Amino acid sequence: MQKAAVSGSGVFAGGLKRFYKSVGMLFFVLVALIALMGVINPQFFTFINGVTVLRQACFLALVAAGQMLVILTAGVDVSLGAMIGLCSVIAAMVSKQFGAVAGWITPLLVGGGIGLLNGFVVGRFKIDSFAVTLGTMGISGGLALIISKGLTIYNLPLSYQSLAYINLGPVPLPVLIAAAVLVVMYFVLYRLRFGRYVYAVGGNREALRLAGVNVRRVMLWAFAGAGILTGIAAAMLSARINSGQPNLGKSLMMESIAACVVGGVTFKGGVGNLGGVVIGVLFLSTLSNGFDLIGVSSFVKEVVVGAIIIVAVVLDKYKK
Amino acid sequence: MRSVRIPLLIVVLAALIAPAFVAAQAYNDDWQGIMAESIYPWGKRLWEPWERVVPKKPYRIGVSIPSLGSPYFVNQVYGYLTEAQATGVGVTILAAKGYEDLQGQVSQIENLINKKVDALAIAPISAEGIAAIVNVAIQKKIPVYFLGEAAHTKNLTGYASENDYDLGFRGMDWLCRNLKGRGKIAILAGPAGNTYTESINKGARAALKNYPDVKLADEKWGDSEDPAVGQELAENLLNATPDLNGFLVVEAQVHGVANTLKERKLTDKVACVAVYPFQETIPYVRDGSVDYGVTGYSLTNARILVNMIIRNLNGEPEVPRYVWTPGLDMTRESINTFPRFHVWAPEGWQPPSFMNVEPKKK
């Protein structure tokens, strides 16, 4: 009996060790944060607030997952935020002409198109991704302002906002969509060859090329994937505000990088996992929600988030 | 090291979010008695004085503003905090990261709804953009009030505002009259996609139609809080149109425009009008580089809104639905009698880290 108990606890300890190695310290810090927020303000622990945190997190989760694809290839995409504004504006105009469904689908095409452009230029001309996406950030932001003339596009079909406000049971539709997309992304990254290639590009691009893999194509689709994921986030965000806003989502670019960094994805490439990014997203969203419930100024929030990013990265390095 | 990691993190977090509350300075009760245009739900319009009221219960008001980076909203925060202290209601104020953080404001309103506040007071980044979440609040029986434009949200319980359209109109009208109905002007319109700048712009263009010989040479949208942006735009516009006669500028950009005019010794030749000038604009008005400013009762509007909310929550039968406060002119001649306490917080006042006032228990 004792032997069985020992081996049972050994299995549990082994599983915990594997989990810790996989997601790092952050999961436990997230648990500690949730506990702290709940103690300071009990309203944090209500079911509805938990649902709210998930709803607020799902947009960042999609953009961060897209950013992760790019960072794994040792790149970065700074155009994702501006892409959201452009997608939002075009989606609004399309929905007014052709209905809500067309408006929901359009951002995926626009985001995917910009992502393909990013991937093509980075892969074909071997230019640093920061420089290329800085350019597309300017182009996307400018186009959004030109198309919208700097104004909000509103009076969209009422059905358009249902993408953001329908619940299936207690769970908001955007949360379900984000969860489904992340499951697909898990499958792509860890069950398909493409996922292994994405990691390998970041780990050793030259070795992969010598192994006969078309590295340019991998880069192309990594950036396109980031664009598509951002397009989905843009469709949902646009539905949330039921309008097209040229400046929508700009802060999500930095937050997506923060979530990836906090979640253990390194800029060197080839290192990081989707679970870590999801926890990073939940961490940032929990912090934001908790601070709002306490009433902390957004200036203080910025300082705290920045400090936590540094602390999380340092602690993760110690773990390694 | 391993054994102290988690506790260390917790201690660091706790230290960082420890309260750093700075009490609001003594407020100025001179705001009471201000005449404002009250519009009642059944259509009656009256110019009547506003006074402070006593709440029947310890209500809590949730406030959402776009940013603390703008003195306009810092003044509002002062109004909310001091009036909450004076009346005995509670207030929790959340600020988004700026005019571009619409999804942030939506999230903050969501969080205030979860906090189960008795009423929401919102200065919207975009009235259309937050309409959906406002409707969620109303469905949860939380009355919603706007401070600012509310053109596209029909379900509000009330709002208090200066009339941005009117301010834009007055500013442009003064500029055109100053140019004697002839000349070329430029507009620095502020951030795109925001309800208040769109209203100012509409008002300005409506006034411009009355002066067919005043031509709009150019219009630039952009960050209105950054004087450096205004300076660069003014330089480029003057280079592109050397015979430009006037500028209409929204907010702090006007300081940059005024600096350009002074540098090029054009203050006597090019008129400069500020919509929503700040305290920092006063020296420019005194030295003549800004010729005219028009603003609203930013601070007092917040105080009026608190009292409107209390009156509704108290169950008063006749409470106005809309309250417009008039615009305030500022020129070199009138600057010494300008009623600052209606517009600006005391010089040097800064919002505390926790913008929270607890209600006084009855």
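Everything below is about the structure shown above.
Every residue gets a number counted from 1 within its own chain, in the order that chain's sequence is written. To label them, take the chains in the order written and letter them from A, then take the ligands in the order written and number them from 1. In keeping with the model being predicted, local features are shown solely for residues with a pLDDT of at least 70 and side-chain atom pairs are shown and tallied solely at 80 or more, while totals for entire chains, interfaces and linings include all residues. Side-chain figures throughout are based on the complete set of non-hydrogen atoms in the structure, without hydrogens or water.

Trainee: Explain the overall build of chain A to me, and be specific about the residues and the numbers.
Mentor: Assigned secondary structure in chain A consists of 14 helices and two strands. The globule rule used here is 2.2 Å times the number of residues to the 0.38 power, and the radius of gyration it is set against is calculated over C-alpha atoms. Computed over the C-alpha atoms, the radius of gyration of chain A is 20 Å, within 12% of the 20 Å expected from 2.2 N^0.38 for a compact globule of 320 residues. By the burial criterion, 55% of the 320 residues in chain A qualify as buried. Only heavy atoms enter the contact rule, under which two residues are in contact if any of them lie within 4.5 Å. For chain A, contacts bridging at least 24 residues in sequence account for 78% of all contacts bridging at least 6. Summed over all atoms, the accessible surface of chain A reaches about 13600 Å², with 72% contributed by carbon and sulfur. Charge separation in chain A, taken as the distance between the mean sites of 23 positive and 7 negative side-chain charges, equals 11 Å. Helix and strand assignments follow DSSP, with helices taken as H or I runs no shorter than four residues and strands as E runs no shorter than two, numbered in order from the N terminus. Using a 1.4 Å probe on the protein chains alone, a residue whose accessible area is under 20% of its type maximum counts as buried, one over 50% counts as exposed, and one in between counts as partly exposed. Methods summary: accessible areas were calculated by the Shrake-Rupley approach with a probe of 1.4 Å, and residue burial reflects only the protein chains presented. Think of it this way: Lys and Arg go in the positive column, Asp and Glu in the negative one, and His and the chain ends go nowhere. Charged groups are reduced to one reference atom each: NZ for lysine, CZ for arginine, CG for aspartic acid, CD for glutamic acid.

Trainee: Let's hear about the pattern of salt bridges: which residues, and what values?
Mentor: Each salt bridge in this description consists of a side-chain nitrogen of Lys or Arg and a carboxyl oxygen of Asp or Glu lying within 4 Å of one another. One pass over the structure, following the stated rule, counts 18 salt bridges over all chains. R55 of chain A serves as the salt-bridge partner of E110 of chain B, at 3.1 Å between the closest nitrogen and oxygen. Here the residue E110 of chain B occupies a position in helix α3 (residues 102-114), and R55 of chain A occupies one in helix α3 (residues 47-72), the pair thus bridging two chains. Its salt-bridge partner being K220 of chain B, residue D218 of chain B comes within 3.5 Å of it at the nearest N-O pair. In this structure D218 of chain B comes out as partly exposed when scored by relative accessible area, which is 27%. Of the residues examined, K220 of chain B reaches a relative accessible area of 30% and is grouped as partly exposed. Because the salt bridges share partners, they merge into one network encompassing R55 and R240 of chain A together with E110 of chain B.

Trainee: If you had to explain the interface of chain B and chain A to someone new, which residues and values would you point to?
Mentor: Contact residues are listed per partner, giving 43 residues for chain B and 56 residues for chain A. Once two parts are joined, some of their accessible surface, as seen by a 1.4 Å probe, is lost; buried area is that loss totalled over both. For the pair chain B and chain A, the two sides together bury roughly 4300 Å², of which 60% comes from carbon and sulfur. Inspection of the region where chain B meets chain A yields four salt bridges. For R240 of chain A, the salt bridge goes to E110 of chain B, with nearest N and O atoms at 2.9 Å.

Trainee: Could you give me a rundown of a nonpolar patch on the surface, with the residues and numbers involved?
Mentor: All names here are of chain A. On the surface, M93, I139, L143, I146 and I147 cluster together into a nonpolar patch covering about 430 Å² of accessible area. Ranked by residue count, the leading element in the nonpolar patch is helix α6 (residues 129-148), at four residues. A relative accessible area of 30% places I147 in the partly exposed class. Surface patches are defined over residues having more than 30% relative accessible area and no salt bridge, joining like charges when they lie within 9 Å and nonpolar side chains (Val, Leu, Ile, Met, Phe, Trp, Tyr) when within 5 Å.

The values reported here are purely geometric and, on their own, carry no functional implication.
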